[in-house]
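# Fold and geometry: a report
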Amino acid sequence: MTPAIERGKSWLARSDLRPTRQRVALAALLVGDGNNRHVTAESLFAAAKGDGEQVSLATVYNTLKAFCDAGLMQEVTVDGSRSYFDTNTHDHPHFFWEDEGHLTDAPSDQLVITNLPEAPAGSEIASVEVVIRLRKKS
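Report follows, based on the coordinates. Given the structure is predicted, the values throughout are model-derived calculations rather than measurements. What you see as residue numbers is a count from 1 along each chain, following the sequence as written. For this predicted model, a pLDDT threshold of at least 70 governs which residues receive local features, and a threshold of 80 or more governs which side-chain atom pairs are given and counted, while totals over whole chains, interfaces and linings are taken from all residues. With hydrogens and water set aside, each side-chain value is computed from the structure's full complement of heavy atoms.

Moving on, we get to the layout of surface pockets. In the cavity and pocket records, a cavity denotes points on a 1 Å grid over the protein atoms alone where a 1.4 Å probe fits but cannot get out, a pocket denotes an open set with protein on both sides within 12 Å along at least 5 of 7 lines, and lining residues are residues with an atom within 4 Å of a point. Grid points are joined across faces, edges and corners, and a volume is the space filled by probe spheres set on the points. Considering only enclosed or pocket space, the largest pocket measures out at about 280 Å³ in volume. Taken together, 15 residues make up the lining of the largest pocket; nearest its centre are D91, H92, V128, E129 and V130. Ranked by residues supplied to the lining of the largest pocket, first place goes to strand 2 (residues 74-79) with three residues. A breakdown of the residues in the lining of the largest pocket according to their chemical character gives seven nonpolar, five polar and three charged. Runs of H or I in DSSP of at least four residues are treated as helices and runs of E of at least two as strands, each being numbered from the N terminus. Basically, the charged four are Asp, Glu, Lys and Arg, the nonpolar ten are Ala, Val, Leu, Ile, Met, Phe, Trp, Tyr, Cys and Pro, and anything else, Gly included, counts as polar.

In C-alpha cells, the structure reads:
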C-alpha cells in the first residue's frame, strides 16, 4: 500500500464514512502528500482520471459533499455558482485569485473581525466565511 493510500485511509478513519475504493482513491489525492488542498469537483475529477481511476463527476461531487458532511473538509463558496473544497477545516480566510480562478489560504493572523451584527432572536452565528477576491493590477 502506498503512503498516499495509507494517509487517505487514515484521514477517512476520522469519520464514520465507509472506506470504499473510490473514497479511498479520492482521499489519497486530497491528503496523500500530507498537504492541504483547495479543489473543485472538476479539478479532483481530472486528477482522478489522470491517475486512472474509474469515477464519474457525479461521484466526485457526492463524495466531496459526504467528506464535508463528515467534517473532513469544508466547502467554500466563492460566488453563487462556484464552490471549492478545502481539506483545512480550521477557521481561516481565503484569497480567491480572480485572474487564475483558484483559491488559497490567507494569513489568519492578520485578520481581525469585530462588531458582528447580533444574530436574530432564536438563532446564533454558526460561522463567518471570509473570501478576499484578488486581481492583478492594471
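Picking up where we left off.
This part takes up helix 1 (residues 3-12). For the exposure calls, accessible area comes from a 1.4 Å probe over protein chains only, and a residue counts as buried if that area is under 20% of its type's maximum, exposed if over 50%, partly exposed in between. Every buried residue belonging to helix 1 is among G8, W11 and L12, and all of these are buried. Down the axis of helix 1, the smallest arc covering the buried residues is 95°, so these residues share one side. On its buried face, helix 1 is in contact with helix 2 (21-31) and helix 4 (57-69). Note that the arc is defined by the directions from the helix axis to the C-beta atoms. Any two residues having at least one pair of non-hydrogen atoms within 4.5 Å are treated as being in contact.

Another aspect to go through is the packing of aromatic side chains. Only rings of Phe, Tyr and Trp enter the pairing, Trp through its six-membered ring, and a pair is recorded when the two centres are within 6.5 Å. The plane angle decides the type: under 30 degrees is stacked, over 60 is edge-to-face, the rest tilted. Per the stated rule, a full pass over the model turns up three aromatic pairs. Each ring, one from F95 and one from W97, has its centre 6.0 Å from the other, and the planes form 70°; the classification is edge-to-face. What makes F95 partly exposed here is its relative accessible area of 22%.

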